[in-house]
Amino acid sequence: MARPDLLALRALKLGDLLVVVPALRALRRAFPEHRIRYGAQAWLAPIVDLVGGIELLDVRGLDAPLPLPPGSVDVAVNLHGRGPQSMRALDQLQPRRRIGHRFDDPEGRSWEGPHWVDALSERERWTRMLEWHGIPADPSDLHLERPSVASARAGAVIVHPGAAFGSRRWPIDRFAAVAAALVRAGHEVVLTGSADERDRALAVAEAAGVRGDDVLAGRIDLTAMAALVADAAAVVSADTGAAHLASAYRRPSVVLFGPASVVNWGPPPGPHVVLTDESVRRGDVFSDEPDPALLAVQVEDVLGALAGLGVL
């Protein structure tokens, strides 16, 4: 007999996946007889595998219907948001049970659930939602399994200078100054990022005196990146997936925040330091210019944070 299906929808990016790991683990425990699938972009499959007992369903956004026939899903879990688009996409699957936030649709069915609260960390937001539905969940249960591959540079300090939007990109010369200080202190430094971020990483390396062979941006896949972080001495990054991986593997990290709220997206308790100035935060995530809260962070602030973590 086929196992019943549970679909947890969150058609977003890497950091968005990593903050709902506690919720996914709770669902795995609560529905042991179900096949649990996480609806998101296919490139995230290597990290979904590291959650344990979860499969990825390729969902490339919510503009098209979800790629499952109506009636095929037993339980639908909305980890995507609280808006009508995600709720209606899941409703089209005609699930037996729906788990989400409170939603009143004037054009159709309403969803039962807790009211949305803005001032919550994303880890707490989704575990709180599950608790409302009677599913025990622990927001601190965010850690990933180790990848099956070994780290390419065990013990290195990762400097991750890229970000999807200009609002989160700390200046190249400041990243270079941090990388140079780490090299002078005797650390092996590697620069990471996507293929699109490779030129930026190369510019940091050139200014810092880091060897070209140590620029791994665009050269390693997501599994290798997870392995790299799992055995890193430390991670220096903007508020990106690299920072969330450092949280998932309990590696010391310095996270530079700009437009995003630290309350919502900051790391959990642990060897992690957040640097920002929220008093000047503009909050325009999609801006091409670095947020003033990010630019308020100076090189000396990062070096001091690394010293406090015992890295320098």
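Structure shown above.
Predicted, not measured: the structure shown is a model, and the values here were computed from it.

Asks: Got a minute to help me understand the nonpolar core in this structure?
Replies: Among soluble globular proteins, nonpolar side chains are generally buried collectively. In terms of nonpolar packing, the biggest core is built from 49 residues, with Leu-27, Ile-47, Val-77, Leu-130 and Leu-144 touching the most fellow members. The contacts of Leu-130, once residues within four sequence positions are left out, are Ala-23, Ala-26, Leu-27, Val-77, Ile-99, Ile-135 and Ala-137. Of all hydrophobic cores here, the second largest spans 30 residues; its members include Val-157, Ala-180, Val-189 and Ala-201.

Asks: Any chance you could explain the pattern of salt bridges here in plain terms?
Replies: It is possible for side chains bearing opposite charge to pair when their charged atoms get close. In total, this model carries 18 salt bridges according to the counting rule given. Residue Arg-25 pairs with Asp-141 through a salt bridge whose shortest N-O separation is 3.6 Å. Placement of the pair is Arg-25 in helix 2 (residues 21–30) and Asp-141 in the loop between helix 5 (122–132) and strand 6 (157–160), with a sequence separation of 116 residues. Arg-153 is paired through a salt bridge with Glu-188; the nearest N and O atoms lie 3.3 Å apart. Placement of Arg-153 in the loop between helix 5 and strand 6 and of Glu-188 in the loop between helix 6 (172–184) and strand 7 (189–191) is noted, with a sequence separation of 35 residues between them.

Asks: Honestly, the sheet that holds strand 9 (residues 253–256) in this entry has me stumped. Any pointers?
Replies: Two orientations exist for strands paired in a sheet by backbone hydrogen bonds: parallel and antiparallel. Overall, parallel pairing links the 5 strands, which are arranged 7-6-8-9-10 in an open sheet. The open sheet is flanked by strand 7 and strand 10 (272–275), the only strands paired with a single partner. Each strand axis lies, on average, 15° off the axis of its neighbour in the sheet, ignoring direction. Bridge count for strand 6 against strand 7 is 3 bridges, and the pairing is parallel. Looking at the pairing, Val-157 lines up with Val-189 of strand 7. This element, helix 6, spans strand 6, strand 7, strand 8 (234–238) and strand 9 of the sheet and lies at about 170° to strand 6.

Asks: Please clarify how the environment of Phe-103 should be interpreted in this entry.
Replies: Relative to the helices and strands, Phe-103 is located in the loop between strand 5 (97–99) and helix 5. For the pair Phe-103 and Val-311, spaced 208 residues apart in sequence, the C-alpha to C-alpha distance is 47 Å. Non-local contacts of Phe-103, meaning those with residues more than four positions away in its chain, are made with Arg-82, Gly-83, Pro-84, Met-87, Ser-110 and Trp-111.

Asks: Which parts of the structure should I look at to understand the environment of Ala-185?
Replies: Tracing the backbone shows Ala-185 in the loop between helix 6 and strand 7. Among the residues examined, Ala-185 registers a relative accessible area of 48% and is labelled partly exposed. Considered as a pair, Ala-185 and Leu-216 are 31 residues apart in the sequence and their alpha carbons are 21 Å apart.

Asks: Explain the packing of helix 8 (residues 222–230) against helix 9 (residues 241–248) here, please?
Replies: A pair of packed helices can be characterised by two numbers: the angle between their axes and the separation between those axes. For the pair helix 8 and helix 9, interaxial distance at closest approach is 9 Å and the crossing angle is 55°. Comparing their axes, helix 9 and helix 8 come out oblique. Note that helix 8 runs across helix 9; the crossing there is right-handed. From helix 8, Met-225, Ala-226 and Val-229 reach across to helix 9, where they touch Ala-242, Leu-245 and Ala-246. Residues of the contact of helix 8 with helix 9, tallied by class, amount to 6 nonpolar, no polar and no charged.

Asks: I would appreciate a short explanation of the sheet that holds strand 2 (residues 35–40) in the present structure.
Replies: Taken in spatial order, the 5 strands of this open sheet run 3-2-1-4-5, and their pairing is parallel. At either end of the open sheet lies a strand with only one pairing partner, and these are strand 3 (55–58) and strand 5. Averaged over neighbouring strand pairs, the angle between their axes works out to 25° when direction is ignored. In this sheet, strand 3 lies alongside strand 2 in parallel orientation, the contact comprising 4 bridges. In the sheet register, Ala-40 faces strand 3, and the bridge partner there is Asp-58.

Asks: Even after reading the chapter, I still don't get the side chain of Asp-5, so can you show me in this structure?
Replies: If you trace the backbone, Asp-5 turns up in strand 1 (residues 5–9). Asp-5 gets classed as buried once you look at its relative accessible area, which sits at 10%. At a separation of 2.6 Å, a polar atom in the side chain of Asp-5 contacts the side chain of Arg-37. Contacts of Asp-5, omitting those with residues within four sequence positions, involve His-34, Arg-35, Arg-37, Ser-72, Val-73, Asp-74 and Val-75.

Definitions and limits used
- Residues numbered from 1 in each chain as written.
- Predicted model: local features only at pLDDT ≥ 70, side-chain atom pairs only at ≥ 80, totals over all residues.
- Heavy atoms only, no water.
- Core = buried A, V, L, I, M, F, W, Y, C linked by side-chain atoms within 4.5 Å.
- Buried < 20%, exposed > 50% of the residue type's maximum accessible area, 1.4 Å probe, protein only.
- Contact = heavy atoms within 4.5 Å.
- Salt bridge = Lys/Arg side-chain N within 4 Å of Asp/Glu carboxyl O.
- Helix = DSSP H or I, 4+ residues; strand = E, 2+ residues; numbered from the N terminus.
- Pairing = 2+ DSSP bridges.
- Axes fitted to C-alpha atoms, helices over the stretch in contact; angles between N-to-C directions.
- Parallel < 35°, antiparallel > 145°, perpendicular 65-115°, else oblique.
- Left-handed = near helix turned anticlockwise from the far one by under 90°.
- Nonpolar A, V, L, I, M, F, W, Y, C, P; charged D, E, K, R; others polar.
- Polar contact = N/O pair within 3.5 Å; in protein donor to acceptor, adjacent residues only side chain to side chain.

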